[in-house]
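Understanding the architecture of this molecule
For reference, the chains in residue letters:
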Amino acid sequence: MEKNSRIYVAGHRGLVGSAIVRNLKQKGYTNLIYKTHSELDLTNQAAVRKFFKQEKPEYVFLAAAKVGGINANNKYPADFIFQNLEIQNNVIGASFDFNVKKLLFLGSSCIYPKMCPQPINEEYLLSGYLESTNEAYALAKISGLKMCQFFKRQYGANFISCMPTNLYGPNDNFDLNSSHVMPALIRKFYEAKVNDQSYVEVWGSGKPLREFLHVDDMADGCVFLMENYDGEQHMNIGTGKEVTIAELAETIKDIVGFEGEIKFNTDKLDGTPRKLLDISKLESLGWKYKIELREGIKATYKWFKENYMFS
Ligand code: GDP
């Protein structure tokens, strides 16, 4: 990638895409292309092809997706599989037809089987049943990474994939019904503190283990892969460290300064018990995360207080 290459970041307003844009700008890339949802509907194949024909991007970061936390994924599986397949088919297909030099497809660690050995090596893909709460999203993402592999294998297209662990950071979705656990708990503890509530409800048993990567680290890793990796194998990206949801809740409670109780609601789903990524492949290429969890949560909490508009 040259500093003046035409680089399209699909999904530039979201958690992932906005972090990729920040990272590319910091590294001196000057020719970034992006379109808002209202300017370009990525589920519309004709519109996507017209856009590629006109703008002729040379590099594509495919960070656009319909995403959500455990509740949204569990409730709307048809939307998650259909819209994600549409978006990725349109962008990957147009990238091939309009001669994009390289594409990075972003997925998620939920692509791996529910009862996978830990830490999860890239090779464990498709070795068992998926976690049911996010099966629809996972199937779309598995199709996307396989599609990149197959375009590479059959046509020599330079399409690569990266599977991040649970992400957090600025521009996340803080809506309590559709968000992931990190933004949900930041918001819940903040609101409990300002409203002087006696407790905060945390879903599930608090026992599931999760790995969290700050999205600025993820973006740095994605740009690193775009600059340095051409392999067919998809690449995990994470920290290699995990915490229980109960530990996460305690940490956020402490950072926010909430003094009440934490109550676990076991009527809500736990989801997969554990999903820790094996990140040795990416580390062996020379990339490692930098932002430790506590530091990352503090920065995200600060961003939330300064930027989030309560509806
Ligand atoms: P997952 O990693 O795909 O399961 O997605 P989430 O980030 O939505 O959930 C992670 C874990 O946090 C699950 O065990 C949830 O039950 C738990 N959790 C605890 N409180 C909350 C909450 O307020 N919102 C969400 N989304 N998850 C929560």
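In this text the structure is predicted, and so the values were computed from the model without any measurement.

This brings us to the UniProt feature "binding site: substrate" (unreviewed entry) in the protein. Mapped onto this numbering, the UniProt entry gives "binding site: substrate" (unreviewed entry) at Lys-188, Trp-203, Arg-210 and Asp-270. Summarising the element assignment, Lys-188 is placed in helix 6 (residues 181–194). Here Lys-188 is in contact with Leu-176, Val-200, Glu-201 and Trp-203, once residues within four sequence places are set aside. With respect to the secondary-structure elements, Arg-210 resides in strand 8 (residues 209–210).

Assignment of secondary structure puts His-12 in the loop between strand 1 (7–10) and helix 1 (15–26). In this structure His-12 comes out as buried when scored by relative accessible area, which is 14%. Filtering out sequence-adjacent residues up to four positions away, His-12 remains in contact with Gly-17, Ser-18, Val-21, Tyr-34, Lys-35 and Thr-36.

For the ligand, the set of nearby residues contains 17 residues, the closest of which are Val-181, Lys-188, Arg-210, Leu-269 and Asp-270. At a separation of 2.7 Å, an oxygen atom of the ligand approaches a polar side-chain atom of Lys-188. The backbone of Asp-270 places a nitrogen or oxygen atom 2.6 Å from an oxygen atom of the ligand. Protein contact buries 97% of the 540 Å² of open area that the ligand shows by itself. Elements with a minimum of two residues in the shell around the ligand: helix 6 and strand 7 (199–203). Looking at side-chain class alone, the shell around the ligand contains eight nonpolar, five polar and four charged residues.

Further remarks concern the UniProt feature "active site" (unreviewed entry) in the protein. Here the UniProt feature "active site" (unreviewed entry) sits at Tyr-137. As for its position among the elements, Tyr-137 is in helix 5 (residues 135–155). When sequence neighbours within four positions are dropped, the list of residues in contact with Tyr-137 reads Lys-66, Val-67, Asn-73, Phe-80, Asn-84, Ser-108 and Cys-110.

Mapped onto the elements of the fold, Glu-122 is located in the loop between strand 4 (102–106) and helix 5. Dropping the residues within four chain positions of it, Glu-122 is found in contact with Tyr-112, Gln-233, His-234, Met-235, Asn-236, Asp-278 and Lys-281.

The rules behind the values
- Residues numbered from 1 in each chain as written.
- Predicted model: local features only at pLDDT ≥ 70, side-chain atom pairs only at ≥ 80, totals over all residues.
- Heavy atoms only, no water.
- UniProt positions renumbered as here; feature names shortened; annotations may be inferred.
- Helix = DSSP H or I, 4+ residues; strand = E, 2+ residues; numbered from the N terminus.
- Contact = heavy atoms within 4.5 Å.
- Buried < 20%, exposed > 50% of the residue type's maximum accessible area, 1.4 Å probe, protein only.
- Near = heavy atom within 4 Å.
- Polar contact = N/O pair within 3.5 Å; in protein donor to acceptor, adjacent residues only side chain to side chain.
- Areas by Shrake-Rupley, 256 points an atom, 1.4 Å probe, with all protein chains shown as cover.
- Nonpolar A, V, L, I, M, F, W, Y, C, P; charged D, E, K, R; others polar.

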